[in-house]
Amino acid sequence: MAQIKTIGILTSGGDAPGMNAAIRAVTRSAIFSGFKVKAIYRGYRGLITDEIIEFKTQNVSNIVQQGGTILKTARCKEFTTPEGRQQAYDVMRKHGIDALVVIGGDGSLSGARVFANEYDVPIVGLPGTIDNDLYGTDHTIGYDTALNTIMWCVDRIRDTATSHERLFFIEVMGRNAGFLALNGAIASGAEAAIIPEISTEVDQLADLIKNGFRKSKNSSIVLVAESPITGGAMGLAERVRTEYPNYDVRVTILGHLQRGGSPTAQDRILASRMGAAAIDALLEGQRNVMIGDSNDEIVYVPFTKAVRKNKPIDPSLLETLRRLSI
Ligand code: ADP
């Protein structure tokens, strides 16, 4: 393998709090180890349209505490075509970029995998997504901050839910994963979580109404993962209105609130460790791996595993939630 001199870095797909801490860690660790750093703006799109500048240590000053990504992020259809990727490769070569660090979710790492298979480019991925849905890592960058935001919001909704004795469905993000809904429910003391990992054979709403609500309770809060499998909060509320008309039901969709805000200490630390580990991985000759954390240790997860396998929900968490909501 040719020696790496210049590392390109980009953020892609959905943004997540802590991406800036990761950009800072990658940049500074790379410079510390004697590499040049090229910052690519707007994800894969910037790689195709040549939006690239060199980063020095001061380019990443004062960003560890900022949400979002200073590199901007984008979705890029052209990169899903061989012609688009050829263009991206040409631009990369023009800038002398020998290796890439890609910070993003499932889609971004799938793109990295395809690109790395087509061209002889070492790529290391960092799991940047609030959804926590990447296999091989216990946590993704941004997940803890989003969880804390959800908890903060639910605490406030509980005040009004209790005053009016209402049933609230609160929809949270997560795509087809229920981590935010399930752990958000535990953290905020919600009565239940409706998540896509539970088989569609089970009518989670009927079970909830049958077992979940006690007369002693004057309000109920249920967190719903946004997936079409759950029907979303709107779909469930519609069902309650027709099938269980005694309930006074309301819906709150937290939406993009969950993507913003200053990252928590946990996300900043995770992003910093993972960013430094990305450079270690390249120094060790690793390629086409995602950096993960497993039992608090840094691990390398091949892209094929990270994006192909479904990360399972721990069923004991569901049991805990059920026990604590009596
Ligand atoms: P996320 O990384 O948050 O999951 P997306 O799924 O939108 O976000 O993916 C981000 C970008 O990654 C896409 O816009 C596209 O450019 C690229 N991408 C995703 N999947 C592929 C693929 N199979 N082949 C090539 N590029 C891909």
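Before any of the text, the structure's been laid out above.
Residues numbered from 1 in each chain as written. Predicted model: local features only at pLDDT ≥ 70, side-chain atom pairs only at ≥ 80, totals over all residues. Heavy atoms only, no water.

Draft legend 1. Region of the structure containing unusual backbone geometry. If you check the backbone angles, Lys72 has positive phi at about 60° while not being a glycine. When you line up the elements, Lys72 lands in the loop between strand 3 (52-55) and helix 3 (82-94). Residue classification places Lys72 among the partly exposed positions, given a relative accessible area of 42%. Residue Asn132 is not a glycine yet carries a positive backbone phi of 60°. Among the secondary structure elements, Asn132 is positioned in the loop between strand 5 (123-127) and helix 5 (143-164). Looking at Asn132, the relative accessible area reads 3%, which means it is buried. (Helix = DSSP H or I, 4+ residues; strand = E, 2+ residues; numbered from the N terminus. Buried < 20%, exposed > 50% of the residue type's maximum accessible area, 1.4 Å probe, protein only.)

Draft legend 2. Fine view of the sheet that holds strand 6 (residues 167-172). The strand order 7-8-6-9 describes an open sheet built from 4 strands, whose pairing is parallel. Among the strands making up the open sheet, the edge pair consists of strand 7 (192-194) and strand 9 (249-253). Adjacent strand axes in the sheet meet at a mean angle of 25°, parallel and antiparallel pairs treated alike. In terms of strand pairing, strand 6 meets strand 9 through 5 bridges, oriented parallel. Each bridged residue has a counterpart across the sheet, and for Glu171 the counterpart in strand 9 is Ile253. (Pairing = 2+ DSSP bridges. Axes fitted to C-alpha atoms, helices over the stretch in contact; angles between N-to-C directions.)

Draft legend 3. Highlighting the packing of helix 3 against helix 4 (residues 106-118). As a packed pair, helix 3 and helix 4 sit with axes 11 Å apart at the nearest point and diverge in direction by 75°. When the interaxial angle is binned, helix 3 and helix 4 end up roughly perpendicular. Of helix 4, the residues touching helix 3 (which contributes Arg85, Ala88, Tyr89 and Met92) are Val114, Phe115 and Glu118. A breakdown of the residues in the contact of helix 3 with helix 4 according to their chemical character gives 5 nonpolar, no polar and 2 charged. (Parallel < 35°, antiparallel > 145°, perpendicular 65-115°, else oblique. Contact = heavy atoms within 4.5 Å. Nonpolar A, V, L, I, M, F, W, Y, C, P; charged D, E, K, R; others polar.)

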